[in-house]
Amino acid sequence: MRNLKLSSCVVTLAALLLATPAQAQSAGRSPLLWAHSGLEFMVFPTAGVGASLPLGRVDLRAQLGAVYSRWMPGTDGTTPLQVNLDALYTWPRGDVVWYAGPGAGLFGAPILVGNVTGGVRGEYGSGPLGWFMEGQLRGRIEQPHPEVLPTLHLGLTYRF
């Protein structure tokens, strides 16, 4: 049942991406540095840094983060690192940019994970600093019965 729900979410996201008007392209965008804190699996604190490079309508983003999992069942209390690569489709709307897209990465042991991210980002005035809020649904790909787990990130960006 979870696979069916995840598949329908991916199909819906793909339909939205294909239906986006051409005006959403933003020429002259620059690379961003991202820094976040948040909750992984809606329970465990997380922090991370990343960088993105705009390629047309897509921001290609790489992130490195850590999840504090002292009380996570099945772990030895260490803080596992995670590495993630996302392809974020962007929709500029007024003073903010909405974005969504798929990603994949490695978590801890390493465990292969896939994710879908959606969020919004903006800037503070005309300077290089900005903010973002995003949610993710992460799934462990290696297990016979994949789990889909929610994640929330809040953070700052720096535009070059």
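Above this text sits the structure in question.
Here's what I pulled together on the structure shown here.

What counts, and at which threshold
Residues numbered from 1 in each chain as written. Predicted model: local features only at pLDDT ≥ 70, side-chain atom pairs only at ≥ 80, totals over all residues. Heavy atoms only, no water. Salt bridge = Lys/Arg side-chain N within 4 Å of Asp/Glu carboxyl O. Helix = DSSP H or I, 4+ residues; strand = E, 2+ residues; numbered from the N terminus. Buried < 20%, exposed > 50% of the residue type's maximum accessible area, 1.4 Å probe, protein only. 1 Å grid on protein atoms, 1.4 Å probe; cavity = no way out; pocket = protein on both sides within 12 Å on 5 of 7 lines; lining within 4 Å. Points joined across faces, edges and corners; volume = space filled by probe spheres on them. Nonpolar A, V, L, I, M, F, W, Y, C, P; charged D, E, K, R; others polar. Polar contact = N/O pair within 3.5 Å; in protein donor to acceptor, adjacent residues only side chain to side chain. Contact = heavy atoms within 4.5 Å. Phe/Tyr/Trp six-rings, centres within 6.5 Å; stacked < 30°, edge-to-face > 60°.

### Quick word on the pattern of salt bridges
- Counted according to the given criterion, the structure contains four salt bridges.
- One salt bridge connects arginine 121 with aspartate 59, and the closest N-O pair in it is separated by 3.0 Å. Of this pair, arginine 121 sits in strand β6 (residues 111-123) while aspartate 59 sits in strand β3 (residues 58-67), and the two are 62 residues apart along the sequence.
- With relative accessibility at 5%, the residue arginine 121 sits in the buried group.
- Ionic pairing is found between glutamate 134 and arginine 61, a salt bridge with its closest N-O pair at 3.0 Å. Within this pair, whereas glutamate 134 is found in strand β7 (residues 129-140), its partner arginine 61 is found in strand β3, the two being separated by 73 residues in sequence.
- A relative accessible area of 2% places glutamate 134 in the buried class.

### Focus: empty space enclosed by the protein
- Within this structure, the stated rule accounts for two cavities of 30 Å³ or more.
- What the largest cavity holds in volume is close to 50 Å³.
- Forming the walls of the largest cavity are His36, Gln63, Leu64, Gly65, Gln82, Asn84, Gln136, Arg138 and His153.
- Secondary structure elements with two or more residues in the lining of the largest cavity: β3, β4 (81-93) and β7.
- By residue number, the principal contributor to the lining of the largest cavity is β3, which donates three residues.
- The residue inventory of the lining of the largest cavity, partitioned by class, reads one nonpolar, seven polar and one charged.
- Approximately 30 Å³ is the volume attributed to the second largest cavity.
- Together, Phe41, Phe107, Val113, Arg138, Gly139, Arg140 and Leu149 line the second largest cavity.
- Broken down by element, the residue count for the lining of the second largest cavity peaks at three residues, all from β7.
- The residue makeup of the lining of the second largest cavity, split by class, is four nonpolar, one polar and two charged.

### Brief notes about the side chain of arginine 61
- On the basis of relative accessibility, which here comes to 0%, the residue arginine 61 falls in the buried class.
- Side-chain polar atoms of arginine 61 contact the side chain of glutamate 134, separated by 3.0 Å.
- If we skip the residues at most four places from it in the chain, arginine 61 touches Trp34, Ala51, Ser52, Asn84, Leu85, Asp86, Leu88, Tyr99, Thr117, Glu134 and Gln136.

### Some details on the packing of aromatic side chains
- As enumerated under the stated definition, the model contains three aromatic pairs in all.
- Ring centres of tryptophan 34 and tyrosine 99 lie 5.8 Å apart, and the angle between their planes is 85°; on these two criteria the pair is classed as edge-to-face. In this pair, tryptophan 34 sits in strand β1 (residues 32-40) while tyrosine 99 sits in strand β5 (residues 96-107), placing the two residues 65 residues apart along the sequence.
- Exposure remark for tryptophan 34: the relative accessible area of 2% places this residue in the buried category.
- Given the relative accessible area of 2%, tyrosine 99 is considered buried.

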